[in-house]
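# Breakdown of the fold
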Amino acid sequence: MERTVVRCAEGHVFSTSSFPMRHLTVDRIGPGRLLRCPRCARLRHAVPVGREER
């Protein structure tokens, strides 16, 4: 399964395997997704991080 590096609304960067557009169990909000951040343990809006931002 492909991993995607994302940044949550609080600025935490982490990787997830549940980010693809085709995944139906992740809530969609604009270009990002609502995911549980492993750093703050809350549901946060997360967007993909470009390679130059890592």
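Residues numbered from 1 in each chain as written. Predicted model: local features only at pLDDT ≥ 70, side-chain atom pairs only at ≥ 80, totals over all residues. Heavy atoms only, no water.

### Comments concerning the overall build of the protein
- The secondary structure content of the protein amounts to 0 helices and 5 strands.
- What you see in the protein, going N to C, is helices and strands ordered as β-β-β-β-β.
- Expressed as a percentage of the 54 residues in the protein, the buried residues total 28%.
- When contacts within the protein are restricted to residue pairs at least 6 apart in sequence, long-range pairs at least 24 apart make up 35% of them.
- Working note: accessible area of the protein is about 4,000 Å², and carbon and sulfur atoms make up 50% of it. (Helix = DSSP H or I, 4+ residues; strand = E, 2+ residues; numbered from the N terminus. Buried < 20%, exposed > 50% of the residue type's maximum accessible area, 1.4 Å probe, protein only. Contact = heavy atoms within 4.5 Å. Areas by Shrake-Rupley, 256 points an atom, 1.4 Å probe, with all protein chains shown as cover.)

### Brief notes about the pattern of salt bridges
- Taken as a whole, this structure holds 1 salt bridge when the rule is applied.
- Close ionic contact of Arg44 with Glu10 constitutes a salt bridge, the shortest N to O distance being 3.6 Å. One end of the pair, Arg44, is in strand β5 (residues 43-48); the other, Glu10, is in the loop between β1 (4-8) and β2 (13-16), with 34 residues separating them in the sequence. (Salt bridge = Lys/Arg side-chain N within 4 Å of Asp/Glu carboxyl O.)

### Some points on the environment of Arg39
- On the secondary structure map, Arg39 appears in the loop between β4 (32-36) and β5.
- For the pair formed by Arg39 and Glu10, sequence separation is 29 residues and the distance between their alpha carbons is 9.6 Å.

### Examining the state of the cysteines
- Applying the stated rule across the entire model yields 0 disulfides.
- For the unlinked cysteine Cys8, the closest cysteine sulfur is that of Cys37, found at 3.9 Å.
- The cysteine Cys37 is free of any disulfide, with Cys40 supplying the nearest cysteine sulfur at 3.6 Å.
- Given a relative accessible area of 1%, Cys37 falls into the buried group. (Disulfide = S-S within 2.5 Å.)

### Details of the confidence of the model for the protein
- Mean pLDDT for the protein: 78, with 67% of residues reaching 70 or above.
- No element of the protein has a lower mean pLDDT than strand β3 (residues 28-29), which averages 50, and none a higher one than β2, which averages 91. (pLDDT = per-residue confidence, 0-100.)

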